[in-house]
Amino acid sequence: MQNSSLAHPIFGFSLHRHAGRQLRDHFIPNASNQHVPHVLHHRALFLYSLLLVLVKLSVLASPLLLPYNLGQTSAVTSENIVSLSNQSRVDFDLPALMVSPKLEVAALNKARDMMKSGYFAHFSPEGVSPWFWIQQSGYSYSYAGENLAIRFSTAEGVNAAWLASAAHRSNILSKDFTQIGVAVLTEEFGKEGAATLVVQMFGAPAVQTAVAKTEEPKVQPVKVLPKVVEQPASVSESPTPQITFPLQDSFMNKSVFRVIGEGQFGDQIRIYINDRLYGQTAVTPAGQFEYVLPAEESLSDGPYVLHVRQVDAEGKKSRSSSQIEFLVDTTPPQIFENAFSFIPSSGQIGAYDVTAGVSDDSIRTLVTVGDDSAALERQQGKTWSGKITLFNAKAGDDLPIQIYAQDLAGNETKQRVGLLSGSDVKGVFSFVSGQQEAPKQEMKLFGGFVTIADFGAFAQKFYLAFVVFLASALVLKVGIKRHIHHPRTVAATAGVMMLAMILFTF
């Protein structure tokens, strides 16, 4: 009974009156609070100031404590490339590829050769094929393939670009391959400055006649001109010479180049292009010959047919070599500035939808913004489109926007088409500019019991609500007790409100 009687004043009317009195003392000026509401007391105002500053510090520190989107991206390393390729295979119920040290050596040597000679292609300007590097590493294969990538900032970007290309995708998802080797090399690359090259080699150990795969498209067949008719009596017994460069159905991006091949020492090799004699050269003791087209005989762009014949000391000619069809293309792809647009993607922070106009001969088109790049896909005719997400951009940076295009011959074009400055796209072309939102930072409190989806936006609303709260309390204090003045309280409250507004706009 005693417990029951004690409970009545605590949980009954006594508690109701106590809560009402506390609420009044906190917000209504009266004699018990010396006509200064508790919420406007100098100690409360001091704590408010500390709280406001602490919230701002938390917002500024949140990008460091909660990095934006980095958990879903990874650096361009050989390990990450292999992991992503194998994950793609697993997604299609294919077995993962084993890493081959020999293929890794082959990939690294190929990457070094591209860096040294400044080319980006499966075949070097001298005609060295990918299979040369694989064989040089001591890897004997029954199937082999190669994927190349350049100027990517994330491993996910490399893998996504390969999967978007039918030729690259067929290598990654091929049932013929059982092993893989990847090399990543970042150095100065030609006139474009530093670049990251990725070489991905695939293989299957030799168990039968070697079959080489390549992702390079073939050129359209060219009309073969009639062969030079030789009299039977003029044919020598010398073996038929062989041409090792240029390769069949290859592209040349130089109008003056070398013709390389094999013949019999002591004989002369005559060079015929479209059945016209261009010159001759001697066969070395090693059984090799090399002929450099003179500058005055440089070839214009177009298709050609090459063959050679060997002439012995008596002037007798060997049988003609196999005819090599190749295409000279020295003109880089053209970028159409008036067909470019760069629009912020809806619903995705830091991402932009890109459209570019590039001539029909381009087989690869990239967009770069600062240190970030993305591959575009051909849509229709000369239109390429895609999306780029900025991972390396910093607030306040002026980032050049460039379009890079490459054709089958290896000709490259890189052209600046605009500037991303303070999240606004600037330039003289057909841009659509927009504001880039700040990254949203999710914050979890009390072990995840309370989750704030966008802490930055929450802080902004908090400052505004706090100003409204203090302004309301100050209006009540001045309105109810107009005859009692507390200038220091009014000044201190106004100062805290001003601090909140400064932090709101900062």
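See the structure shown above.
Please read all numbers here as calculations on a predicted model, not as lab measurements.

Participant: Help me out: how do you make sense of the packing of aromatic side chains in this one?
Facilitator: The relation between two aromatic rings is expressed through the spacing of the ring centres and the mutual angle of the planes. Going through the model one piece at a time under the given rule, you end up with 11 aromatic pairs. Between Phe 132 and Trp 133, the aromatic rings sit 5.0 Å apart at their centres with planes inclined by 80°, giving edge-to-face as the arrangement. Owing to a relative accessible area of 13%, Trp 133 belongs among the buried residues under this scheme. Here the aromatic rings of Phe 342 and Tyr 352 are separated by 4.5 Å at their centres, their planes lie at 20°, and the arrangement is stacked. Linking Phe 342 in strand β14 (residues 335-344) with Tyr 352 in strand β15 (residues 351-358), this pair joins segments that are 10 residues apart in sequence. With relative accessibility at 1%, the residue Tyr 352 sits in the buried group. Linked through ring pairs, Tyr 48, Phe 462, Tyr 463, Phe 466 and Phe 469 together constitute an aromatic cluster. It is Arg 151 that lies over the ring of Tyr 404; its NZ or CZ is 4.5 Å from the centre.

Participant: Looking at this structure, how should I read the sheet that holds strand β7 (residues 250-252)?
Facilitator: Adjacent strands of a sheet form backbone hydrogen bonds with each other and so pair up, either parallel or antiparallel. Across the sheet, 5 strands lie side by side as β7-β13-β12-β9-β10; this open sheet has mixed pairing. Of all strands in the sheet, those bounded by a partner on one side alone are β7 and β10 (276-282). For this sheet, the mean angle separating the axes of adjacent strands, direction not counted, is 30°. The pairing of strand β9 (residues 268-273) with strand β12 (residues 302-311) spans 6 bridges and is classified as antiparallel. Bridge pairing links Arg 270 to Arg 309 in β12.

Participant: What am I meant to see in the sheet that holds strand β11 (residues 288-292) here?
Facilitator: Taken together, the 3 strands give an open sheet; going across it, the order is β6-β8-β11, and neighbouring strands pair in antiparallel fashion. At either end of the open sheet lies a strand with only one pairing partner, and these are β6 (242-245) and β11. Across this sheet, the average inter-strand angle for adjacent strands is 30°, counted without regard to direction. Where β6 and strand β8 (residues 258-262) come together, 3 bridges link them in antiparallel fashion. Residue Phe 245 lies in a different strand from β8, and its bridge partner there is Ile 260.

Participant: I would appreciate a short explanation of the side chain of Thr 154 in the present structure.
Facilitator: Of note, Thr 154 is situated in the loop between β2 (141-150) and α7 (155-164). The exposure class of Thr 154 is buried, given its relative accessible area of 11%. Side-chain polar atoms of Thr 154 contact the backbone nitrogen of Gly 157, separated by 3.0 Å.

Participant: What is the right way to read the nonpolar core from this model?
Facilitator: Among the nonpolar cores identified, the biggest contains 24 residues, and Met 114, Phe 120, Ile 134, Phe 189, Leu 197, Val 199 and Met 201 are the most heavily contacted of them. Broken down by secondary-structure element, the contributors of at least two residues to this core are α5 (101-117), α6 (130-136), β2, β3 (179-188) and β4 (194-205). Sort the elements by how many residues they give to this core and α5 lands first, with 6 residues. Discounting chain neighbours no more than four positions away, the residues touching Met 114 are Tyr 119, Phe 120, Ala 121, Leu 148, Phe 189, Leu 197 and Val 199.

Participant: Just checking my understanding: could you explain helix α4 (residues 78-91) for this structure?
Facilitator: It helps to recall that an α-helix has 3.6 residues per turn; residues three or four apart then point in one direction. Between its terminal C-alpha atoms α4 stretches 20 Å, which fits the 20 Å expected from 14 residues at 1.5 Å a residue. Regarding α4, the residues found buried are Ser 78, Ile 81, Val 82, Leu 84, Ser 85, Asn 86, Ser 88 and Arg 89. Immediately downstream of α4, the backbone of Asp 93 shows phi near 60°, a positive value.

Participant: What is the right way to look at the pattern of salt bridges in this model?
Facilitator: It is possible for side chains of opposite charge to pair when their charged atoms get near one another. Scanning all chains against the criterion turns up 5 salt bridges. For Lys 316, the salt bridge identified is with Glu 314, shortest N-O distance 3.9 Å. By relative accessible area, which is 33% here, Lys 316 ends up partly exposed. Overall, the relative accessible area of 66% leaves Glu 314 in the exposed class. Across the pair Lys 382 and Asp 360 runs a salt bridge, and its minimum N-O distance is 3.6 Å. Remark: Asp 360 occurs in the loop between β15 and β16 (362-369) and Lys 382 occurs in the loop between β17 (372-380) and β18 (383-389); sequence separation between them is 22 residues. On the accessibility criterion, Asp 360 (47% relative accessible area) is partly exposed.

Reading the values: the criteria
- Residue numbers here run from 1 along each chain, matching the order of that chain's written sequence.
- With pLDDT at 70 or above as the cut-off, local features in this predicted model cover only qualifying residues; side-chain atom pairs require 80 or more to be listed or tallied, and sums for whole chains, interfaces and linings still use all residues.
- Think of the side-chain values as coming from all heavy atoms in the structure, minus any hydrogens and water.
- Aromatic rings from Phe, Tyr and Trp, with only the six-membered ring used for Trp, were paired whenever their centres fell within 6.5 Å, and each pair was classed as stacked if the ring planes differed by under 30 degrees, edge-to-face if by over 60, and tilted otherwise.
- Throughout, exposure labels follow a simple rule: accessible area from a 1.4 Å probe, protein chains only, divided by the maximum for the residue type, with under 20% read as buried, over 50% as exposed, and the rest as partly exposed.
- Runs of E in the DSSP output that reach at least two residues are strands. Runs of H or I that reach at least four are helices, and both are numbered from the N terminus.
- Two conditions define a charge located above a ring, namely a distance within 6 Å from the ring centre to NZ of Lys or CZ of Arg, and an angle within 35 degrees of the ring normal.
- In this analysis, strands are considered paired if DSSP registers two or more bridges between them.
- Every axis in this analysis is a line fitted to C-alpha atoms, fitted for helices over the stretch in contact. Angles between the N-to-C directions lie between 0 and 180 degrees.
- Identification of polar contacts relies on pairs of N or O atoms within 3.5 Å, with a donor-acceptor requirement for protein atoms, meaning one able to donate a hydrogen and the other able to accept it, and with residues adjacent in sequence counted only if both atoms are side-chain atoms.
- To form a nonpolar core, buried Ala, Val, Leu, Ile, Met, Phe, Trp, Tyr and Cys residues must be joined to one another through side-chain atoms within 4.5 Å.
- Residue contacts follow a heavy-atom distance rule, with two residues in contact if any of their heavy atoms lie within 4.5 Å.
- An expected span of 1.5 Å times one less than the residue number is assigned to each helix.
- Salt-bridge detection follows one rule: a side-chain nitrogen of Lys or Arg within 4 Å of a carboxyl oxygen of Asp or Glu.

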